[in-house]
Amino acid sequence: MAKLVFGMNLSLDGYVDHQAFGPDATLFRHWIEHVRGLTGSVYGRGMYEVMRYWDEDHPEWTPDLREFAAAWRRQPKWVVSRSLKSVGPNATLVADDTEAAIRRLKDQLTGEISVSGPDLARSLTGFIDEYRLYFHPAVLGHGKPFFAGPRPPLRLVASDRIGKDVVRLTYVSA
């Protein structure tokens, strides 16, 4: 049975914003290894459209950026959207009965499936097995919160430092 994991970079005050802060080299290496080890990822429309950046090579990319793109392209992706009519390479559109699709993925696959996007995570609260919060030393004061709805009851199972400034807290459902 696969484990559904929701993890994102966020500010100290709980907001996600991929443009407000980015990973240092150590954390970026962590994300490369994380993506490389995934069974696949489930995306909401908005986060999928952000991540489509990795579908095409860019001449200014460093070797690490190319490595991340290769790992991202290799993994299967399921995109939950009622507005999209098609998705890119190695992706499957989930337009109806999201809960049944997630149940099937969890039952039929093994390993970790990443949930990407706070709105999608809110709609899948009952299915998410683990939450990974990567706190950066920034306070934004506004934006999209990591928990887009009521916070589910959680129990801390791990904490660790990644790179020089990021702390990851790992929670499971209580």
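Residues numbered from 1 in each chain as written. Predicted model: local features only at pLDDT ≥ 70, side-chain atom pairs only at ≥ 80, totals over all residues. Heavy atoms only, no water.

## Quick word on the environment of Leu27
Thought 1: Its location among the elements puts Leu27 in helix H1 (residues 25-37).
Thought 2: We classify Leu27 as buried; its relative accessible area is 0%.
Thought 3: With residues up to four places along the chain from it excluded, the contact list for Leu27 reads Asn9, Tyr134, His136, Ile162 and Val166. (Helix = DSSP H or I, 4+ residues; strand = E, 2+ residues; numbered from the N terminus. Buried < 20%, exposed > 50% of the residue type's maximum accessible area, 1.4 Å probe, protein only. Contact = heavy atoms within 4.5 Å.)

## Regarding the packing of aromatic side chains
Thought 1: A full pass over the atoms with the stated rule returns 12 aromatic pairs.
Thought 2: Aromatic side chains Phe6 and Tyr131 sit 6.2 Å apart centroid to centroid with 85° between the ring planes, which places their arrangement in the edge-to-face category. Here Tyr131 lies in strand S7 (residues 130-136) and Phe6 lies in strand S1 (residues 3-11), a separation of 125 residues in the sequence. Summarising the burial analysis for this pair, Phe6 and Tyr131 share the class buried.
Thought 3: Judged by centre distance (6.3 Å) and plane angle (70°), the rings of Tyr43 and Trp72 are edge-to-face. Taken together, the positions of Tyr43 in strand S3 (residues 40-44) and Trp72 in helix H3 (residues 63-74) put the pair 29 residues apart, joining distant regions of the chain. Each member of the pair, Tyr43 together with Trp72, is buried.
Thought 4: Taken together, the aromatic side chains of Phe28, Tyr53, Trp54, Trp61 and Phe68 make up a single cluster linked through ring pairs. (Phe/Tyr/Trp six-rings, centres within 6.5 Å; stacked < 30°, edge-to-face > 60°.)

## What to know about helix H4 (residues 98-108)
Thought 1: By the burial criterion, the buried members of H4 are Thr98, Ala100, Ala101, Ile102, Leu105 and Lys106.
Thought 2: In the core, the buried residues of H4 are packed alongside S1, S3, strand S4 (77-80), strand S5 (91-94) and strand S6 (112-116).

## What to know about the environment of His58
Thought 1: Within the element layout of this structure, His58 appears in the loop between helix H2 (45-51) and H3.
Thought 2: Residue classification places His58 among the partly exposed positions, given a relative accessible area of 22%.
Thought 3: Polar contacts involving the side chain of His58 include one to the main-chain carbonyl oxygen of Glu56, which spans 3.2 Å. (Polar contact = N/O pair within 3.5 Å; in protein donor to acceptor, adjacent residues only side chain to side chain.)

## What about the sheet that holds S3?
Across a sheet, strands are paired by hydrogen bonds formed along the backbone, either parallel or antiparallel in direction.
Thought 1: Spatial strand order, S5-S4-S3-S6-S1-S7-S10-S9: eight strands in an open sheet with mixed pairing. The open sheet has two edge strands, S5 and strand S9 (154-162), and neither has a second partner. Pairs of neighbouring strands in the sheet enclose a mean axial angle of 25°, with direction left out of account.
Thought 2: By the bridge criterion, six bridges tie S7 to strand S10 (residues 166-173) in an arrangement that is antiparallel. Paired with Tyr131 across the strands is Tyr171, a residue of S10. (Pairing = 2+ DSSP bridges. Axes fitted to C-alpha atoms, helices over the stretch in contact; angles between N-to-C directions.)

## Observations regarding the nonpolar core
Thought 1: If you look at the biggest cluster of nonpolar residues, it comprises 26 residues, and the most contacted ones within it are Phe6, Val42, Val115, Ile128 and Phe146.
Thought 2: Those elements that provide at least two residues to this core are S1, S4, H4, S6, helix H5 (118-123) and S7.
Thought 3: No other element matches the four residues that S1 contributes to this core.
Thought 4: Beyond its immediate sequence surroundings of up to four residues, Val115 is in contact with Leu4, Val5, Phe6, Gly7, Val42, Leu120, Ala121, Leu124 and Ile128.
Thought 5: Counting residues in each nonpolar core, the second largest holds 21 residues, with Trp61, Phe68, Trp72 and Tyr134 among its members. (Core = buried A, V, L, I, M, F, W, Y, C linked by side-chain atoms within 4.5 Å.)

## Remarks on the side chain of Thr98
Thought 1: By the element assignment, Thr98 lies in helix H4.
Thought 2: Ignoring any residue separated from it by four or fewer positions in sequence, one finds Thr98 in contact with Val80 and Leu124.

## Remarks on the pairing of S1
Thought 1: For S1, the tally of buried residues reaches eight of nine residues, placing the bulk of the element in the interior.
Thought 2: Here four bridges tie S1 to S6, and the two strands are oriented parallel to one another. Bridge pairing in S6 places Val5 opposite Ser114.
Thought 3: In terms of strand pairing, S1 meets S7 through seven bridges, oriented parallel. Looking at the pairing, Ser11 lines up with His136 of S7.

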